[in-house]
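Fold and contact review
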Amino acid sequence: MLKVDQEWIDRVDAQRAGFRETVERWDAADLPPCPSCDSHDTARVSAGLVGRSIHLAAATTKIRLLPNGHPADYYCNQCKSYFNGPDGGQVKDMGQGRHAQIGEPLT
Ligand SMILES: [Zn+2]
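This text gives an overview of the structure that appears in the document.

Our next topic: the sheet that holds strand S3 (residues 74-76). Ordered by their spatial adjacency, four strands build an open sheet running S2-S1-S3-S4, and the pairing between neighbours is mixed. Strands at the two margins of the open sheet, each flanked by one partner only, are strand S2 (63-66) and strand S4 (82-83). Across three bridges, the pairing between strand S1 (residues 42-47) and S3 is antiparallel. Bridging across to S3, Thr42 finds its partner in Cys76. Relative to S2, helix H3 (residues 51-59) is tilted by about 135°, and along the sheet it contacts S1 and S2.

Structure representation (structure tokens):
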């Protein structure tokens with residue numbers, strides 16, 4: 001889903017050739033739905049906060065940028081969890097402190 005209007009894209013496209021096509025390609029990307037809530041409002045996880053990717057992430061909900069780390073391949077914008085694609089393994093629950101670590105005393 002686009003988060004910006006065409007005027008915004010025009011402005012960036014004027015500075016970065018091909019930006020519009022890149023945004024449209026990303027925005028039309030067919031991403032796997034969230035395994036937790038079945039939402040199709042999901043994003044591809046991309047590491048690094050540099051130039052073009054920042055503009056891309058600002059333009060479409062289909063990209064989730066992380067400054068560092070790569071918890072999983074995809075991110076659900078609805079339930080805010082990371083997950084891997086159907087062929088990529090298991091859902092990774094990023095909830096904080098809800099799961100005891102191995103070896104941690106249970107209270
Ligand atoms: Zn979800």
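Another aspect to go through is the environment of Leu65. Relative to the helices and strands, Leu65 is located in strand S2. Since 18 C-beta atoms lie within 10 Å of it, Leu65 is described here as partly exposed. For Leu65 and Tyr75, which are 10 residues apart along the polypeptide, the C-alpha to C-alpha distance reads 9.9 Å.

Further remarks concern unusual backbone geometry. One non-glycine residue, Asp38, adopts positive backbone phi at about 65°. Relative to the helices and strands, Asp38 resides in the loop between helix H2 (19-27) and S1. The class for Asp38 is exposed, based on 10 C-beta atoms found within 10 Å. Even without being glycine, Lys80 reaches a positive phi, approximately 55°. Of note, Lys80 is situated in the loop between S3 and S4. Lys80 gets classed as partly exposed once you count the C-beta atoms within 10 Å, which come to 13.

Right, let's talk about the pairing of S1 for a bit. One ladder, built from four bridges, connects S1 with S2; its direction is parallel. Residue Arg44 lies in a different strand from S2, and its bridge partner there is Ile63.

Each value, and the rule that gives it
Residues numbered from 1 in each chain as written. Predicted model: local features only at pLDDT ≥ 70, side-chain atom pairs only at ≥ 80, totals over all residues. Pairing = 2+ DSSP bridges. Helix = DSSP H or I, 4+ residues; strand = E, 2+ residues; numbered from the N terminus. Contact = placed C-beta atoms within 7 Å. Axes fitted to C-alpha atoms, helices over the stretch in contact; angles between N-to-C directions. Buried ≥ 20, exposed ≤ 12 C-beta atoms within 10 Å, placed from the backbone.

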